Amino acid sequence: MTETGGGPRPRGAWWREGAVTATAFVLCLLGGVVQVDDTLTAPPAAAYVIAVVSCAVLPLRRRAPLAALAATTASGVLVAPLGLLLSPLIVAPALITAYSYALTARTERRAAGAVLGTSVVLLVASTPLFGGVSWQDASRMGSVAAFPLMAGVLGHSVRNRRAYLAAVEERARRAEESRDGEARRRVAEERVRIARELHDLVAHQITLANAQATVAAHLFDIRPEQTRKSLRELVETTGHALDELRSTVGLLRQSGDTAGPAEPAPGLSRLPALLASFRGAGLEVSVEQEGPARPLAPGVDLTAYRIVQEALTNVTKHAATSTARVHLAWSRDRVTVTVADDGEGAVAVPGRPPGHGLIGMRERATAAGGQLSASRRPEGGFLVCAELPLPPARPGGAP
């Protein structure tokens, strides 16, 4: 239950309000038992009047806390003129409203001013108008003025405590949302990474298999020996495709699954075997290197390999040419990988969705800290150029 708000309250809140009001009514009557001459009598009619008037406004202290505080303070001021002894018991409703106002005030300054004003008013009302002030009068006056201040301090402390707990809960909720968002982001990144791996290896192997099958079909009647060679290469290509697919899908195993021996990720060291597979499919690929080669970080090495693989796959699929060129330029802080062809470019097939090869290559280059550009060449053909970072060279020129 909140301390503010004018909406409907649950049944438990009404029971609590009734208990608080009844307790304050009983305390007021007990305060009326002590008379001015320090004798004890049954509560007079004036005590009932004070109790009824001051307790009647208590249920309104949450909707209008300042008005309830003013009403209970005014009831306390009427205690002495009605012949009753002003004590902390008979002003119990004022203490309750002081606590509620300190709990719900918009600012600390307003709460402190209202509670302090209540204490001053009750102190003045409890001061005898005639005669000297005895030590009993002084102690009673001090308690009448101090109790509203204590109630206000208690309300302010409870308010700060609730605000602190609310802030802690909000931070915990935001931290939980942040963890959930980070987990979703990592899952999405992992899905994209696995999808990219699957696309690269499947597109490459299927393209080679298609080219080898086409060659075998074309030479089936006129060159049987070449047909057998193409079919053997087709078997090897599909076998490699299954092996790479099995290795990539193994990344999806649960942590408790038994994993087989992992094959090292491919890199530029496997570039000769990659180019040989394309040459077997009928694409003549030449390689040029500029500058001394240097070791690459594993992630950058895999990225360079996949970019060459995907670019040559695109040449095989889309470019009407049988030649391509791979150029590796090594500089002090980066390696530039270029794949070029002089074909006529891709031909759009109606009903076929666009591929993700260029998107995947660009994502790989960006993830490795580099950049990639792909465009048609003015003299014809297509050019893919990726710049990937190199690890800093060691002192003395050693890699």
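Each chain has its residues counted from 1, following the order in which its sequence is written. Reporting in this predicted model follows two pLDDT cut-offs: at least 70 for local features of residues, and 80 or more for side-chain atom pairs to be given and counted; totals over whole chains, interfaces and linings ignore these cut-offs and use all residues. For side-chain calculations, the full set of non-hydrogen atoms in the structure is used, while hydrogens and water are omitted.

J.: Looking at this structure, how should I read a nonpolar patch on the surface?
T.: Patch definition: residues above 30% relative accessible area lacking any salt bridge, with like charges linked at up to 9 Å and the nonpolar side chains Val, Leu, Ile, Met, Phe, Trp and Tyr linked at up to 5 Å. Using the Shrake-Rupley algorithm and a 1.4 Å probe, accessible areas are obtained, with residue cover drawn only from the displayed protein chains. Definition used for salt bridges: Asp or Glu carboxyl oxygen within 4 Å of a side-chain nitrogen of Lys or Arg. There is a patch of nonpolar side chains on the surface, built from Leu116, Val120, Val124 and Leu149 and spanning about 340 Å² of accessible area. Helix and strand definitions here come from DSSP, where helices need a minimum of 4 consecutive H or I residues and strands a minimum of 2 consecutive E residues; each element is numbered from the N-terminal end. It is helix 5 (residues 108-126) that provides the largest number of residues to the nonpolar patch, a total of 3 residues. With respect to the helices and strands, valine 120 occurs in helix 5.

J.: Help me understand the sheet that holds strand 2 (residues 323-330) in this model?
T.: Backbone hydrogen bonds are what pair the strands of a sheet, in a parallel or an antiparallel way. The mixed open sheet is built from 5 strands, whose spatial order is 1-2-3-5-4. Each edge of the sheet is formed by a strand with only one pairing partner; in this case those strands are strand 1 (284-290) and strand 4 (371-376). Averaged over all adjacent pairs, the angle separating strand axes in this sheet is 10°, with direction ignored. Between any two strands, pairing holds if DSSP finds at least two bridges. As paired elements, strand 4 and strand 5 (residues 382-389) share 6 bridges and run antiparallel to each other. Looking at strand 5, one finds that arginine 376 is bridged to phenylalanine 382. Throughout, a residue-residue contact means that at least one pair of heavy atoms, one from each residue, lies within 4.5 Å. Inter-axis angles, ranging from 0 to 180 degrees, are taken between N-to-C directions of lines fitted to C-alpha atoms, where helices are fitted over the stretch in contact. The strands touched by helix 10 (residues 357-367) are strand 4 and strand 5; relative to strand 4, the strand with the most contacts, the crossing angle is about 150°.

J.: Even after reading the chapter, I still don't get the pairing of strand 1, so can you show me in this structure?
T.: Every other side chain in a regular strand lies on the same face of the sheet, so the side chains alternate between the two faces. Looking at chain direction, strand 1 and strand 2 are connected through 7 bridges and run parallel. When the bridges of strand 2 are listed, valine 287 appears paired with valine 326. If you view a crossover with the strands going away from you and the path from the first strand over the helix to the second runs clockwise, you call it right-handed. In this view, the connection linking strand 1 to its parallel neighbour strand 2 by way of helix 9 (residues 298-318) has left-handed handedness.

J.: Quick question: what am I supposed to make of the nonpolar core here?
T.: Looking at soluble globular proteins, one finds that nonpolar side chains tend to be buried together. Core analysis: the biggest nonpolar cluster contains 35 residues, and Val308 and Leu312 have the highest contact counts within it. Every element with two or more residues in this core is listed here: helix 6 (135-219), helix 8 (271-280), helix 9, strand 2, strand 3 (334-341), helix 10 and strand 5. Broken down by element, the residue count for this core peaks at 8 residues, all from helix 9. Within this scheme, the nonpolar core is defined by two criteria: the residues are buried Ala, Val, Leu, Ile, Met, Phe, Trp, Tyr or Cys, and they are joined through side-chain atoms within 4.5 Å. Using a 1.4 Å probe on the protein chains alone, a residue whose accessible area is under 20% of its type maximum counts as buried, one over 50% counts as exposed, and one in between counts as partly exposed.

J.: Is there a simple way to think about empty space enclosed by the protein in this case?
T.: Take a probe with the size of a water molecule and roll it over the atoms, and the empty space left behind shows itself. Cavity means a closed set of points on a 1 Å grid over the protein atoms alone, one where a 1.4 Å probe fits but cannot get out, pocket means an open set with protein on both sides within 12 Å along at least 5 of 7 lines, and lining means a residue has an atom within 4 Å of a point. Grid points are joined across faces, edges and corners, and a volume is the space filled by probe spheres set on the points. According to the stated counting rule, one finds 1 cavity of 30 Å³ or more in the structure shown. By volume, the largest cavity amounts to about 30 Å³. Lining the largest cavity, in full, are Ile50, Ser54, Thr72, Ser75, Gly76, Ile90, Val91, Pro93 and Ala94. The dominant element in the lining of the largest cavity, judged by the number of residues it contributes, is helix 3 (residues 65-77), at 3 residues.

J.: Just checking my understanding: could you explain helix 4 (residues 92-104) for this structure?
T.: The span one expects for a helix is its residue count, reduced by one, times 1.5 Å. End to end, helix 4 covers 19 Å across 13 residues, agreeing with the expected 18 Å (1.5 Å per residue, within 8%). Most of helix 4 is tucked away: 11 of the 13 residues are buried. Along helix 4, the positions that sit buried rather than exposed are Ala92, Pro93, Ala94, Leu95, Thr97, Ala98, Ser100, Tyr101, Ala102, Leu103 and Thr104.

J.: Is there a simple way to think about the pattern of salt bridges in this case?
T.: One side chain can pair with another of opposite charge once the charged atoms of both are near each other. Scanning the entire structure with this criterion turns up 11 salt bridges. Notably, a salt bridge pairs arginine 62 with glutamate 17, separated by 2.4 Å at the nearest N-O pair. Taken together, the residues span a long stretch of sequence, with arginine 62 in the loop between helix 2 (45-56) and helix 3 and glutamate 17 in helix 1 (residues 11-33) at a distance of 45 residues. Residue glutamate 17 is classed as buried on the basis of its relative accessible area of 4%. Between arginine 186 and glutamate 182 there is a salt bridge, and its shortest N-O distance comes to 3.0 Å. Separated by 4 residues within a single helix, arginine 186 and glutamate 182 lie in helix 6, roughly one turn from each other. On the accessibility criterion, arginine 186 (54% relative accessible area) is exposed. Taking the relative accessible area as the measure of exposure, glutamate 182 reaches 28% and is therefore partly exposed. Put simply, Glu170, Arg173, Arg174 and Glu177 are held in one network by salt bridges that share partners.

J.: I'm lost on the environment of glycine 32 in this one. Help?
T.: Turning to its location among the elements, glycine 32 is positioned in helix 1. Owing to a relative accessible area of 0%, glycine 32 belongs among the buried residues under this scheme. With 11 residues separating them along the chain, glycine 32 and proline 43 place their C-alpha atoms 5.2 Å apart. Apart from the residues lying within four places of it in its own chain, the contact partners of glycine 32 are Pro43, Pro44, Ala47, Leu84 and Ile90.

J.: Where do I start with the side chain of threonine 336 in this structure?
T.: Inspection of the secondary structure puts threonine 336 in strand 3. When sequence neighbours within four positions are dropped, the list of residues in contact with threonine 336 reads His327, Leu328, Ala329, Cys385, Ala386 and Glu387.

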